[in-house]
Amino acid sequence: MTIRERRFSRDGLTPFQRFYLIFFALTVLSPLIPMIIASFAFRWFWPDLLPSEWWASARHTLTQPIGWDYVFSPYSRLFTAIRNTLVIGFSVTLLCLAISLPAARVLAREKFRAKGLVEFFLLTPLIVPEVAIGLGVLLIFIQLGLAGSFVGIVLAHLIPTVPYAIRVLTSVFQNLSTDYEEQAMVLGANPLKTFWHITLPMIFPGIMAGGLFVFLVSSNVFLLTFFVGRGQVETLPTLLFTKVSSGGVLDPVTAGITLITMLPGIILLLITERFIREEVFAKGFSG
Amino acid sequence: MELPKANPIKHLPQARRRWLGRFRIALMLAPAMAVLVVLYLGALVLAFLQSLGYAPLYQINTFPTLHYYQDLFSSTGFWQSVFYTFYYALIPTFVGLILSIYLALTLRKRFALKRLFQYVYKLPLMIPYLVGVSLTILLFSNGGIIARVLHLIGIIDNPVEFPRILYDHSGLGIMIVYIWKQVPFMTLIIYSVLLGLGPESEEAATTLGANPWQTFWYVTLPQIMPGIITGTAIVFAFNFGSFETPFILGGGFPNTLPVEAWRAFDDPEPARRLGAMAIVMVISVVSGGLLYLYIAWYRRFEKRRGRV
Amino acid sequence: MGKRLWLWAVTIGFVLLAGSVLGQQAKGNPVAEKFRSDFLAGKLTWNDVLTEAKKEGQVNWYHWGGSTELNTWIDQVVKPELAKFGIALKTFRVNDTRNAVDLVIADNASGKGLGMGSVDAIWINGENFYTLGTQNLLFGPFADKLPNSKNFFFDPKEPRSKLNTSDFGYPTNLQEVPWSGEEYTCYIDTARLKPADAPKTFQDLETWLRKTPGRFTYIKPPDFNGNTFVEEVMYAFNAGGPEPFQKRAKDLGLRNFIQATKGGFEFLKRIDPFLLGGGGRDGVRGNPIYPNSPDALQTLLVNGQIDMGCEFGKYNAAIQIKNGRFPPTVQNIIFPQKDMISNKNYIAIPSNSPNPAAALVLANVVSGIDNQFSKLSQIGYPLGIDPGRLSAADQEAAAKASLPLPGITLAQLGDNAVPDTNSSLVKVLEGIWQEYIERQSGKPLEQIIADSWNTQVK
């Protein structure tokens, strides 16, 4: 095949396309190598490409834990941050799904006058800058005494996640035929029973997909946690922020925390790629 | 299907049924709408009121006054802040878009390890911006890995000779983080539109003698326009209001508007905090207005093309 | 349309509701209030305090959390010590002490008094203490009522009590207790700059920078490390030295202030193009780099971008070498001679501390001799207690606990020490620096000084 033919065809890449894909894979994966090296370094000065002294040889010479010893010690607060990230993530996911499900069902099935307005309103949090929402919500929470609290952070995380969850779940309900539910009703099941035994099992995969992404968004949000948490609730992103914002060299502890902060994303990527198609993946973002 | 339609409220008189139906709709929408109305709309309204001088929290109530806006517009560096905010938001959106379109088109092909690549390219999408910031510091700082490699091959002698990418108003470091994080996002959106299209119209164009460039420009591009508009609008809005990346990697005063807003809000002086709300309103109005115009322009463009 | 109206009605209703919660008077919990008045009146024994503290069960300590060494030391040493008294230590590692002060202010504004707020103790000094003091948000004069107050000079007739009773020129009124002492110290990398060639005064610095542009920079105000550099410059270029800067703004007066600061700021402007990235040409502004934090400054030194840096921390260079962040070729120097700012930092208890008794126990524990020595030897944080109050044996132990200083001696540091700037002037200097140096304002210097003065001095 000539290059010209390959450009059209569905198989076979042009050399440039091959290079392009390799380049992308490298930009994603190659920075991880120095990051891992940095996390195991002890003395690493300009212009050395590798540390002159490693963590493993220095760790027993000092009274305080360094590098990975520090990262995994209680002093780093890493486990507190992980626990907070998980607790906030799960609370946000459950609360978000609980309030999004009925709304999505109505939007998918019913026609009513203000529907267009509601749909438009649900899109706006995506395009109003986060910093505006963050500072505004902080103002409200300072007055309600919710600034610096878990509850405050969970509520704040609902702002970016609810519109997203509603859009995903609406499309789930739209693809769901009402026949089975109607039959169940005719056969005498009450609405709650119908939902529990008929509707829920059918939409479960959609709920899972939506829930995973809500969790992902919550575990990645920095600005809302930082503004509303007022430095009192530490999550993985805020822990990383305190480390990188000093503007210094990337020390071994920062490198270690960077690697650990990537873990939730990597795990969710491995889970979701298996059973979520690209279209559904994109649905939540594109509306 | 011959089964009668089930309706739990169908034995009620019609007017009452309609009322109950509406009540049910309102009830089911209420929790979600309440959260968004109170938190999100409430936040914006409160910010707006404060920017006009209503702040009993700090014992300030000069409502309504445009004083905080006047101060803002005449302060040193404000217009530079506006410029930097636009600059750091627009360039990565544009560059990222071009990279993403090509990546999405390439992804349609069959190639070895495609399954694996689909995992790899999405990774930046899944992790916080701060990880991108951290990687950028490690690679691009003056004494970073790239500078060290350049030293090794003899191009530079001292870190001072390495171009300043971070902590500088050129904003290269900020834009690198944005592009790295956002290309996967825009690619995903465009790719999912492409998946829904199928190859027929492009093949037809080719059969009719169009060259690849013509096929792309006249057939593919118009079809993926909805994905492009959504992707760029979301990315631009995000960059325009983004905080942590310019806060850490920016060049200091004058900072981007979101960073200036946070600095002003973080000031113990209440008047400065009200000034922060003026900045917040400027960010929201400018970003919202631009996106409105952008989408309106796109609608007209589609109408002219005969699609709605 | 109906829906839209409804949305607005709810929103506006909510905002008004939120507004009405405000503006109440802060009221304390009666038990805590009684404890305070009894304790301050001397009616309670230390055992009573310990019993009360055990009942409270925990203490929330807010401190700057940027040092892994300090964080570890607190968890390793202070936490178990307090656990012995049945008190759980919860530390909050803030990026900036001001965040803790803001929290105290916000709690107070929402009506939370003693026994009800969120902050029990703050590691504090300078501007932040001044803010709490002027807003009347401190627990009360407790420092001389702790058992370990025997380690401090508090008698105003004793000259060595000065840093215990005055914080950046603002009287502590025994509302905070010293826990560490620091001196602004500079370091050089002898691999690139020989100690003999290192500058000794600001004039030397300028000569050296003009010869080798770009080999130095200082931390950007309003970081206190940046402010302190600016203050030392002010002292050095003022004919009267540090003396006028000890006065409160309203005692000093604008005219004297302009006189005292003009020379210093002109110097800062002169060296601006010769700092790192500044371009190295008179009158042509390049793009000088003023690092945001000590970490950023240290990175520049380690990368070989600069040869000399200054920040708070007598033992800082020694600790950084030990922990692998500085190469062993780094040494301290005495710079600027006779103008090295030295101060103490403290533990303060705010007026809305939720656990005031436990906060007192914390303040007592960290001013104990053993903990002070351990802090000195393990992480290089100097003594907050006064060696003059210690026994001969303890004084010897303190000397032994000190880390060796590379290149200089403790005696030299003592000989060149000068007091800090009055906290009422710090913000004024910050404002001038930002307008004149950072923003390169075209206004005449005297007007910039006057503008900053008028915004900050009330």
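Treat the numbers as computed from the prediction; the structure is a model and nothing was measured.

A. A look at the interface of chain B and chain C. With 25 residues of chain B at the interface, the matching set in chain C holds 23 residues. When the two sides are added together, the surface that chain B and chain C hide from each other amounts to roughly 2,300 Å², 61% of it contributed by carbon and sulfur. At the junction of chain B and chain C, the tally comes to two salt bridges. Close ionic contact of C:Arg98 with B:Asp266 constitutes a salt bridge, the shortest N to O distance being 3.3 Å. Taken together, the links from chain B to chain C amount to four residue pairs in polar contact (both at pLDDT 80 or more). The leading source of residues in the side of chain B that touches chain C is helix 1 (residues 14-51) of chain B, at seven residues. Split into classes, the residues belonging to the side of chain B that touches chain C amount to twelve nonpolar, six polar and seven charged.

B. Representation of the pairing of strand 3 (residues 121-124) of chain C. Residue and element names in this part refer to chain C. Burial along strand 3 is two-sided: the residues Ala121 and Trp123 and Ile122 and Ile124 are all buried. Examined bridge by bridge, strand 1 (residues 58-64) and strand 3 share two bridges and lie parallel to one another. If you follow Tyr62 over to strand 3, its bridge partner there is Ile122. Sheet topology note: the strand 3/strand 9 (residues 340-348) ladder contains three bridges and is antiparallel. Bridging from a neighbouring strand, Trp123 pairs with Ile347 of strand 9.

C. Region of the structure containing the environment of A:Ser52. All names here are of chain A. With respect to the secondary-structure elements, Ser52 resides in the loop between strand 1 (41-43) and strand 2 (53-54). Once the C-alpha coordinates of Ser52 and Ala41 are considered, the two residues, eleven residues apart in sequence, prove to be 8.1 Å apart. Dropping the residues within four chain positions of it, Ser52 is found in contact with Arg43 and Trp44.

D. Focus on helix 2 (residues 15-29) of chain A. Given a rise of 1.5 Å per residue, 15 residues ought to cover 21 Å, and the 21 Å separating the end C-alpha atoms of helix 2 of chain A matches this to within 8%. Of the positions making up helix 2 of chain A, those classed as buried are A:Gln17, A:Tyr20, A:Leu21, A:Phe24, A:Ala25 and A:Val28. The arc that holds every buried residue of helix 2 of chain A, seen down its axis, measures 130°, which confines them to one face. At its buried positions, helix 2 of chain A is contacted by helix 3 (32-39) of chain A together with helix 3 (78-107), helix 4 (114-120), helix 5 (123-126) and helix 8 (172-197) of chain B.

E. The packing of helix 4 (residues 68-83) of chain C against helix 15 (residues 369-379) of chain C, seen in detail. Residues and elements named next belong to chain C. Orientation of helix 4 relative to helix 15, taken along the N-to-C sense of each, is 155°, at an axis distance of 11 Å. The orientation of helix 4 relative to helix 15 falls into the category roughly antiparallel. Helix 15 is crossed by helix 4, and the crossing has right-handed handedness. Residues Glu69, Leu70, Trp73, Gln76, Val77 and Glu81 of helix 4 touch helix 15, and the partners they reach there are Asn371, Ser374, Lys375, Gln378 and Ile379.

F. Quick look at the interface of chain A and chain B. Contacts between the two partners involve 103 residues from chain A, matched on the other side by 100 residues from chain B. Where chain A abuts chain B, roughly 9,400 Å² becomes buried across the two surfaces, and 78% of that area is made up of carbon and sulfur atoms. Counting the contacts that link chain A with chain B gives one salt bridge. Residue B:Arg24 pairs with A:Glu110 through a salt bridge whose shortest N-O separation is 2.8 Å. Put simply, chain A and chain B have nine residue pairs in polar contact (both at pLDDT 80 or more) between them. Considering every element that reaches the side of chain A that touches chain B, the biggest residue donor is helix 8 (residues 130-144) of chain A, with 13 residues. Among the residues making up the side of chain A that touches chain B, the classes are represented as 69 nonpolar, 18 polar and 16 charged.

G. Structural detail: the nonpolar core. The biggest cluster of nonpolar side chains holds 196 residues, and the ones touching the most others in it are A:Phe227, B:Leu29, B:Ile101, B:Phe117 and B:Phe265. If one sorts the elements of this core by residue count, helix 1 of chain B sits on top with 15 residues. The contact partners of B:Phe265, leaving out residues within four places of it in the chain, are A:Leu135, A:Leu138, A:Leu139, A:Ile142, A:Arg230, B:Tyr58, B:Arg273, B:Ala276 and B:Met277. With 58 residues, the next largest nonpolar core counts C:Val78, C:Trp179, C:Ile385 and C:Ala398 among its residues.

H. Molecular detail of unusual backbone geometry. Here the bond from A:Trp46 into A:Pro47 is cis, since omega is -5°, no more than 30 degrees from zero. Cis geometry marks the peptide bond from C:Pro221 to C:Pro222, where omega comes out at 10°. Here C:Pro222 is to be found in the loop between helix 8 (202-211) and helix 9 (224-237). Here B:Leu113, not a glycine, exhibits a phi torsion of approximately 65°, which is positive. Its place among the elements puts B:Leu113 in the loop between helix 3 and helix 4. By relative accessible area, which is 64% here, B:Leu113 ends up exposed.

Cut-offs and rules
Residues numbered from 1 in each chain as written. Chains lettered and ligands numbered in written order. Predicted model: local features only at pLDDT ≥ 70, side-chain atom pairs only at ≥ 80, totals over all residues. Heavy atoms only, no water. Contact = heavy atoms within 4.5 Å. Buried area = accessible area lost by both parts, 1.4 Å probe. Salt bridge = Lys/Arg side-chain N within 4 Å of Asp/Glu carboxyl O. Polar contact = N/O pair within 3.5 Å; in protein donor to acceptor, adjacent residues only side chain to side chain. Helix = DSSP H or I, 4+ residues; strand = E, 2+ residues; numbered from the N terminus. Nonpolar A, V, L, I, M, F, W, Y, C, P; charged D, E, K, R; others polar. Buried < 20%, exposed > 50% of the residue type's maximum accessible area, 1.4 Å probe, protein only. Pairing = 2+ DSSP bridges. Expected span 1.5 Å × (residues − 1). Arc of directions from axis to C-beta. Axes fitted to C-alpha atoms, helices over the stretch in contact; angles between N-to-C directions. Parallel < 35°, antiparallel > 145°, perpendicular 65-115°, else oblique. Left-handed = near helix turned anticlockwise from the far one by under 90°. Core = buried A, V, L, I, M, F, W, Y, C linked by side-chain atoms within 4.5 Å.

Honestly, that's just the spatial picture; any functional story needs more than this.
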